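# Coordinate inspection notes
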Amino acid sequence: MPFKVLKQLYPAPSGSDPSWAQRKVWVEKLTPDDTIYEYSTENQAMIKRDELSAADSTGRLFKVTES
């Protein structure tokens, strides 16, 4: 089964968000030009997730899911 890297639709909550505001909407891409990251192994997907997290300055979270 392939593994996909998903990203939060909205960046992680800030300290000013109310406690009920959760950001549990995950998407494959944010814009039509974004790349969909799909890998044959979970390890490959986790490496890409870590790369994307390190490069993102907004605090957006990334996760790996099995498709």
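From a predicted model like this one, the values you see are computed outputs, not experimental measurements. (Residues numbered from 1 in each chain as written. Predicted model: local features only at pLDDT ≥ 70, side-chain atom pairs only at ≥ 80, totals over all residues. Heavy atoms only, no water.)

### Points about the nonpolar core
Keep this limit in mind: Residues belong to one nonpolar core when they are buried, are Ala, Val, Leu, Ile, Met, Phe, Trp, Tyr or Cys, and are joined through side-chain atoms within 4.5 Å. The rule is simple: take the accessible area with a 1.4 Å probe, protein chains only, and divide by the maximum for that residue type; under 20% is buried, over 50% is exposed, in between is partly exposed. A helix here means a DSSP run of H or I that spans at least four residues, while a strand means a run of E at least two residues long, and both kinds are numbered starting from the N terminus.
Counting residues in each nonpolar core, the largest one holds six residues, listed as Phe3, Val5, Tyr37, Ala45, Leu52 and Phe62. Only strand 1 (3–8) and helix 1 (42–55) provide two or more residues apiece to this core.

### Focus on helix 1
The α-helix winds at 3.6 residues per turn, so residues separated by three or four positions along the chain end up facing the same way. Our working rule: The span expected for a helix works out to 1.5 Å for each residue beyond the first. The arc under discussion is defined with respect to the helix axis, by the directions toward the C-beta atoms.
Relative to the 20 Å expected for 14 residues at 1.5 Å per residue, helix 1 spans 20 Å between its end C-alpha atoms, a close match to the ideal helical length. For helix 1, the set of buried residues is Ala45, Lys48 and Leu52. With its buried residues spanning 65° around the axis, helix 1 presents them on a single face. Counted as exposed and oriented over 90 degrees from the buried face of helix 1: Asn43 and Ala54.

### Examining the side chain of Arg60
Convention followed: When charges are tallied, Lys and Arg are placed among the positive residues and Asp and Glu among the negative ones, while His and the ends of the chain are skipped. Salt bridges are counted wherever a side-chain nitrogen of Lys or Arg sits within 4 Å of a carboxyl oxygen of Asp or Glu. The definition of a polar contact used here is a pair of N or O atoms within 3.5 Å, where within protein one atom must be able to donate a hydrogen and the other to accept one, and adjacent residues in sequence count solely through side-chain atom pairs.
Inspection of the secondary structure puts Arg60 in the loop between helix 1 and strand 4 (62–66). One buried charged residue, Arg60, remains without a salt bridge, the closest side chain of opposite sign being Asp56 at 4.1 Å. A distance of 2.6 Å separates a polar side-chain atom of Arg60 from the backbone oxygen of Gln8.

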